[in-house]
Amino acid sequence: MAACSVEELLAKAEQEEAEKLRSITVHKELDLDFDVGSLLACDKNRIESRDFRGQKKEDFLRALARDNTQLLINEIWKLQTERVEEAIVAKLPEPSTRLPREKAPLKPRPPTKWEQFAKLKGIQKKKKTNLVWDDTAKEWRRRWGYKRAKDNTKEWLIEVPETADSNEDQFSKRTRAKKERVAKNELNRLRNIARAQKVKSPGVGLLPKAQQSRDELAQAVSVARTSTASAGRFQDRLAKEKAPRNSGKRRKFEPLIGDFSSERQKQLELLKVLDSRRPKLDITKAVNAQMRQEDREEAAAKHGRKGGKGRAGRGGKMAGRRGKRGKAEGGRGGGKKRD
Amino acid sequence: MTQLDGIVKPKTRRSKRFMESRAPKLTEDVKRAMIMKGGNTSQIVTEALKDIYSLKKPDAVLYKKKNIARPFEDSTSLEFFSKKTDCSLFLFGSHNKKRPNNLIFGRMFDFHVLDMIELGIEKYVSLSEIKNSKCPEGTKPMLVFAGEAFDTDNEYKRLKSLLIDFFRGPNVSAVRLAGLEHVLHFTALEGKVYLRSYRCLLKKSGCRTPRIELEEIGPSFDLVMRRTHLASDDLYKLAHKQPKALKPKKKKNISHDAFGTTFGRVHMQKQDLSKLQTRKMKGLRKRKGDVVAEGDGQEPKVAKVEK
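What counts and how
Residues numbered from 1 in each chain as written. Chains lettered and ligands numbered in written order. Predicted model: local features only at pLDDT ≥ 70, side-chain atom pairs only at ≥ 80, totals over all residues. Heavy atoms only, no water. Contact = heavy atoms within 4.5 Å. Buried area = accessible area lost by both parts, 1.4 Å probe. Salt bridge = Lys/Arg side-chain N within 4 Å of Asp/Glu carboxyl O. Polar contact = N/O pair within 3.5 Å; in protein donor to acceptor, adjacent residues only side chain to side chain. Nonpolar A, V, L, I, M, F, W, Y, C, P; charged D, E, K, R; others polar. Pairing = 2+ DSSP bridges. Helix = DSSP H or I, 4+ residues; strand = E, 2+ residues; numbered from the N terminus. 1 Å grid on protein atoms, 1.4 Å probe; cavity = no way out; pocket = protein on both sides within 12 Å on 5 of 7 lines; lining within 4 Å. Points joined across faces, edges and corners; volume = space filled by probe spheres on them. pLDDT = per-residue confidence, 0-100. Buried < 20%, exposed > 50% of the residue type's maximum accessible area, 1.4 Å probe, protein only.

Here the focus is the interface of chain B and chain A. Each partner contributes residues to the interface: chain B has 71 residues there, and chain A has 55 residues. Surface buried jointly by chain B and chain A totals about 6000 Å² across both partners, of which 60% is contributed by carbon and sulfur atoms. For chain B, the biggest contributors to the area lost against chain A are Glu28, Leu177 and His240 of chain B; these three give 10% of the whole. Joining chain B to chain A, the criterion identifies six salt bridges. The shortest N-O distance in the salt bridge between Glu148 of chain B and Arg46 of chain A comes to 2.9 Å. If you look at where chain B meets chain A, you find 27 residue pairs in polar contact (both at pLDDT 80 or more). The class makeup of the residues in the side of chain B that touches chain A is 33 nonpolar, 14 polar and 24 charged. For strand S4 (residues 87–91) of chain A and strand S7 (residues 174–176) of chain B, the ladder comprises three bridges, and the chain directions are antiparallel. Note on S7 of chain B: the bridge partner recorded for Val89 of chain A is Arg176 of chain B.

Here you go:
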């Protein structure tokens, strides 16, 4: 009796549990694919179009949507939850559906010319302190920027060097030098970018310098000469001026010692050419010439035949056929000749 | 803009910040959508565009004026707009005799059109036509796709990916369970795509997981697929390429067996037993000048340890 009641109780409990679950369970032939990370479910089951037509369309769609959503919600409710400010929050995993990116992924910037050089030489960056002691102001000041230590732009007096022109303004000279340095840096920056993007940058020409050497002067002259609308074609030369050297083309030489076999090959070929008095036979050229001649003959023959017939009515089709045959014969004839 | 990146130096902090916001990033922002209409639009198309805008709202731009463009013939103007507003998704609505009530869903990669799919509206019910309470703006929708076509047909596969991309919203790490309100259901059946939008009501079921009831809130569309412009496989693959930094790093010396148990290999030094502190006794105390013979075996011992 007691055992029976226990069994009954268990059965009853089971039934209740099943009843509870019934409201949230959905039966599908194929399981759905879930991507809980992006709150996505994909139902691959075949939809019976008979059902779709039979029932009211909207109701059918809603029922389908309800079932699928229920399954998705079941999946989401399985996730770990936590309480954040009076709200129960489920932690989502990373989305598993891969979607294309919006923009191409970042590529690392190729090293600048300086970075290449520094790497080659093993030069490493040194960390410098931001503040340095300024002896004149007797305080710690920034190394660079506004109110920096040892600021040479704020000097009210500059000593004129012995070698310098006494009338030259040393202050303006200093600012000019600074401007040139900035411009040069900007130029280098742009050249680095151009190299990184594999764009050919125009030649720099001549950079400003305190003292130009003889070669640089010559280069400057040649650059100035060609900087006209007609690229220096109509530019006069001075009386005793020499033509500029090393402009444009560079001669290239084979190495003195190295590839003997290729050198030998070259010499042998040269000898062969010298040895043979007869002109060289170009086969493709000869064949082409032959074919052209045949065509010409054939055309002449055809023309003659046509001329003989005269204007004998509208025998366009016939004429065409005859023409074709004629061509074929000509071709065969050509073959014989070639043999 | 990408061409000039790095060449044109920003002159102010603000412009620098702006340029950084537009530059390609490791983990990308939410894809924004621009919604625009062509030279001629019917009322259906205009309303449809507005409704989709309201579904997509914080991450979308609605163009109010006409833009006479034909994306399938010339996509340069779309590319220009995408660059201007930094939007990589677009929805273009138009209406003409040949293709009445036309919607073009598309997405860009690197400011060039990747995929474009043209859908014609057969039947449309707007958001305002159905009178009941709507979901709050910016709710992340649950997306459900039904029908075999989404899994078998190539064009439908792309359409599915495009629609996921379009309606997915932001990528979040956690979600408030009570806030799962909005369901977008796409059904592919008999050559048509049925888009339905429902509000999800969580009812008590007696156990932890709630029972779901759905209530249609609109907009709802019956769509037919028209022209498509799909990216070549190469480009599609390139667009999916993940940057190296995002790929998970392989962990060394850790393995898993079939049951999911983690095994690790631990390398240890041999313990020097002569320095082990044992019980202190007067008799064992070291005397001065006593040389302790050192053990020579100091090899590392490898042991497989279950973690």
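Back to the text.
Attention now goes to empty space enclosed by the protein. Throughout the structure, instances matching the rule amount to two cavities of 30 Å³ or more. Here the second largest cavity defines a volume of roughly 40 Å³. Lining of the second largest cavity is provided by Cys42, Asp43 and Lys44 of chain A together with Phe145, Ala146, Gly147, Phe150, Asp151 and Lys160 of chain B. Those elements that provide at least two residues to the lining of the second largest cavity are strand S2 (40–43) of chain A together with strand S6 (142–146) and helix H4 (149–152) of chain B.

On to the confidence of the model for chain B, then. Residue and element names in this part refer to chain B. Scored by pLDDT, chain B has a mean of 87; 92% of the residues are at 70 or more. Strand S3 (residues 89–94) holds the highest mean pLDDT among the elements of chain B, 95, whereas strand S14 (residues 301–306) holds the lowest, 57. For this predicted complex, the interface confidence score (ipTM) comes to 0.79, while the overall pTM stands at 0.66.

This part takes up the pairing of S2 of chain A. Every second residue of S2 of chain A is oriented toward a common face, with Leu40 and Cys42 of chain A on one face and Ala41 and Asp43 of chain A on the other, all of them buried. The sheet contact formed by strand S1 (residues 33–35) of chain A and S2 of chain A spans three bridges and is antiparallel. Paired with Phe34 of chain A across the two strands is Ala41 of chain A, which belongs to S2 of chain A. Here S1 of chain A folds back onto S2 of chain A, and the loop between the two strands holds four residues, one of which, Leu39 of chain A, carries a positive phi near 50 degrees. In terms of strand pairing, S2 of chain A meets S6 of chain B through four bridges, oriented parallel. Residue Ala41 of chain A lies in a different strand from S6 of chain B, and its bridge partner there is Val144 of chain B.

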